[in-house]
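A structural walkthrough
The lines below spell out each chain.
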Amino acid sequence: MSSSLVGSYPPELLSAICAYIYAAGLPPVASSLDPLLHSSDSVPTSLPSSYPPAHWFDPSVRNSLSALCLANKAWYEAAKPWLWRKVEVRLPRSWLSLVDELAGGEDDELDQEQTALIVGETIHVAETAALTSRDMVSRLSDKDAMQELHEKVLAKLSGPDGSIPPELLTPLVSRDPSPRRLRPKSKSPARWKLIRSISVAVQHFIEHTTPGIYVPPPDDPRLGRYIRHLDFNHFRTIGMRRSVQEGVNNRFVTGERLHAVLKELPNLVSFGATEYMDGALTISVLKELFLRGSASRGRGRPSRGRDLVVFDPSDVEAEDCERRREYRELEAIDLTGCVSAVFVNALTQFVNDHLIADPPSSDSEDDGARERGRPRSRLPNQDEPLIFPCLRRLGLRGVRSVQSNVLSPFILAFPSLTHLDLSCTRVTPDVLAALGTSSTIRLQSLGLERCNWLTGESIRDFSSAHCPPNISAAKPLRRLVLPLPPHHRRPPRNHHTRPLPPQRRARVSRPLQRSHNARAPDACAPQPALRSLGLSYIHDLPLGAVADFLRTKAAHAEVLTLVATAPELANAAPRRATLALHTLLVRPLCTPPFAVRRDGPAAPPTRLRVIELASPLLAAVGAGAGAWRVVKSKGGRGWYVDVASGWIADGQGSALRRDLEPAHPWRAALERLADANGNVSSGVGWHARKMEVLHGHGFLGREAGLYGAVSFAYQG
């Protein structure tokens, strides 16, 4: 296809093609629960299918968009926004290149020549767009219109109230080389302020000549406006042969660099951090992440007041607030494993400065203030804590170093949460009670694993009808994790975990899709939508009761975890345990009953095909039996998997097939995973322990990198 032919196509068509390529890498809403195993000739199905895969790998999407950018200018303009839409930092050198591309290196200031060049290009683009809009409406075309508009815009910008210095509006060759201009370099105005001033000047002239015409503001020339997603999930510094001193003193991801990059991302909606870079999460970075949009007004700033607010031009904080007010607010943030002292101190300062209301002043203090000549504020809500209504997904797994008095107001500052992972934190029962009584929170996924400060009564009140009737936070809950830590050999027998009365059991049960509980499922109502069930560390739960529950109440469950559960598996000899596993669980639930039917063999009683077991039991199983093989993760977890089962897509949809032939690609891929003996990627596994936050797929989502290791590799 020639470049001239592509250039004749409308830009919207090329952008739509690039959008479909980008969407091919997005997982579907309903997952197949299986790891993503691609073949070279696979085509994404956008279905919950194991084979062919539901979506592409991210590298395949990036390579396709990169190839289009190198085709010609038309494809470059169409593919560039989608190529930069999602940025994953992987290598230290690539991070430094990203800093240099977005923020212009470590120096945040531009010299006058570069700034003047940006101003000239922006004025030309804005004037061209304005004249085009006016000519389309008035059907007029004046040869002197461009010159007239240019003179008016320069007069407006160089006036007494103009925000652009006159030396930036004159051409470089016409500047007076007098000693007055040889003064030291001063800081140029921020780029966002230059663009806004030019847009206002052009719109002001068009409104006087041709009222009613909208002139779109000129685009920022930097690439940061395209980025919606930024995470450090794959970032590593291990293996670079750096000394301990270099790792401490010469960090790649510093607070200054991260803050400079975040300032260039006005449309960022999701951000992910890890323990490898949590030392860069300073107070300035946290302000840049959270104080965006409506939250940028700051503490004490009137939202609709009559008071006159005058900003000091030298006030950097006021200028940052004014800049961030035009930015999009975050929708998801993942802070898994962030425990450094820098992050903890920054979060503590952020909560104290912005999220904790100041105590009310006494009348005597107000009288003293009036006597000293300071006016009393007429705004009763100026000291109220901030809230962030746009953030819906929050991941705080493993943030153990943050104290409960800081964690509680931070969590409650997000009134629109749908996904919340508080596993391995110091969350208290008061926070859980406040989440339950909220009228705006609609949790879909909730993780409370290893929250030692929670009591059984608080969890029971949140998830059951023991709460008042108006509590609605747990009603849409579909994915819940409430396991016991491994050192608890049995659920505590006290009043906090007493069983519910029969009339309340039906109200306790929700239509869950994924559950990880530390109690026996005898009091649970039927769960037809349950696909992944965790019943680990329940030593006194008989294996027969688990089989009866799956057969009668959760026949669609595909994944089951039984780590240190059931006396037949945990307390028996290895040979007896493997025999009990097959006779009580695998054969009755996964084998179709014998029947003579014309329409083919009967289906098994359940959809069970993956069982997570403890490492000693997996070693006793050995090579498995029949189509059942042991698949180990990159860490300490392992699963007993039916490699002959999987969701297979055809032309009409996807269906769970059993007894796949040995040459089938999906069965061959699972056989290779079993033969790898743990030498697999971090994203291989089932029944994730970590919630997928950034894209909103919850506990049924797939993750790789460090997040994938937390989800599927770590056993503790």
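For the structure itself, consult the block above.
Anyway, here's the lowdown on the structure attached to this text. (Residues numbered from 1 in each chain as written. Predicted model: local features only at pLDDT ≥ 70, side-chain atom pairs only at ≥ 80, totals over all residues. Heavy atoms only, no water.)

1. Things to note about the overall build of the chain
- Secondary structure assignment for the chain yields 24 helices and 16 strands.
- The 716 residues of the chain split such that 48% are buried.
- Nonlocal contacts in the chain, meaning residues at least 24 apart in sequence, comprise 73% of its contacts between residues at least 6 apart.
- In the form shown here, the chain has an accessible surface area of approximately 35,100 Å², with 55% of it arising from carbon and sulfur atoms. (Helix = DSSP H or I, 4+ residues; strand = E, 2+ residues; numbered from the N terminus. Buried < 20%, exposed > 50% of the residue type's maximum accessible area, 1.4 Å probe, protein only. Contact = heavy atoms within 4.5 Å. Areas by Shrake-Rupley, 256 points an atom, 1.4 Å probe, with all protein chains shown as cover.)

2. Concerning the packing of aromatic side chains
- Enumeration according to the criterion identifies 13 aromatic pairs in this entry.
- Centroid distance Phe-350 to Phe-388: 6.4 Å. Interplanar angle 20 degrees. Geometry classified as stacked. Here the residue Phe-350 occupies a position in helix 13 (residues 341-355), and Phe-388 occupies one in the loop between helix 14 (363-371) and strand 5 (393-395), the gap between them amounting to 38 residues.
- With a relative accessible area of 3%, Phe-388 lands in the buried category.
- Seen in terms of ring centroids, Phe-410 and Phe-414 are 5.2 Å apart; in terms of plane orientation they differ by 85 degrees. Their pairing is edge-to-face.
- One aromatic cluster is present, built from ring pairs that chain together Phe-290, Phe-350, Phe-388, Phe-410 and Phe-414.
- Directly above the ring of Tyr-707 sits Lys-690, whose terminal nitrogen or CZ lies 4.3 Å from the centroid. (Phe/Tyr/Trp six-rings, centres within 6.5 Å; stacked < 30°, edge-to-face > 60°. Lys NZ or Arg CZ within 6 Å of the ring centre and 35° of its normal.)

3. Describing the pairing of strand 16 (residues 654-657)
- Note that strand 15 (residues 646-649) and strand 16 share four bridges and pair antiparallel. Residue pairing across strands places Ala-649 opposite Ser-654, the latter belonging to strand 16.
- Connecting strand 15 to the next strand, strand 16, in antiparallel fashion are four residues, including Gly-653 with a positive phi near 155 degrees. (Pairing = 2+ DSSP bridges.)

4. Let's talk about the pairing of strand 14 (residues 638-642)
- Strand 14 sits mainly inside the fold: five of its five residues count as buried.
- Both faces of strand 14 are covered, namely the face carrying Gly-638, Tyr-640 and Asp-642 and the face carrying Trp-639 and Val-641.
- Relative to strand 14, strand 12 (residues 610-612) runs antiparallel, the two being bridged by three bridges. Within strand 14, the position partnered with Ile-611 by the bridge is Tyr-640.
- Relative to strand 14, strand 13 (residues 628-632) is paired through five bridges, and the arrangement is antiparallel. Across the sheet, Arg-629 pairs through a bridge with Val-641, a residue of strand 14.
- Adjacent in sequence and paired antiparallel, strand 13 and strand 14 are bridged by five residues.

5. What to know about the pattern of salt bridges
- Per the stated rule, a full pass over the model turns up 24 salt bridges.
- Across the pair Arg-397 and Glu-449 runs a salt bridge whose closest N-O atoms are separated by 3.3 Å. Taken as a pair, Arg-397 in the loop between strand 5 and helix 15 (404-412) and Glu-449 in the loop between strand 7 (445-447) and helix 17 (456-463) lie far apart in primary sequence, 52 residues in all.
- Exposure remark for Glu-449: the relative accessible area of 4% places this residue in the buried category. (Salt bridge = Lys/Arg side-chain N within 4 Å of Asp/Glu carboxyl O.)

6. A few points about the environment of Leu-347
- You can see Leu-347 is positioned in helix 13.
- You can call Leu-347 buried: its relative accessible area is 3%.
- Through-space distance from the C-alpha of Leu-347 to that of Lys-287 is 9.8 Å; in sequence the pair is 60 residues apart.

7. So, helix 23 (residues 665-676)
- For helix 23, with twelve residues, the first-to-last C-alpha span of 17 Å sits near the 16 Å given by 1.5 Å per residue.
- Taken together, the buried positions of helix 23 are Trp-666, Arg-667, Ala-669, Leu-670, Leu-673 and Ala-674. All buried residues of helix 23 project into a common sector of 160 degrees when viewed along the axis, lining one side. Exposed side chains of helix 23 directed beyond 90 degrees from the buried face belong to Arg-672 and Asp-675.
- On its buried face, helix 23 is in contact with strand 13, strand 14 and strand 15.
- Two residues or fewer past helix 23, Asn-677 is found with a positive phi of approximately 55 degrees. (Expected span 1.5 Å × (residues − 1). Arc of directions from axis to C-beta.)

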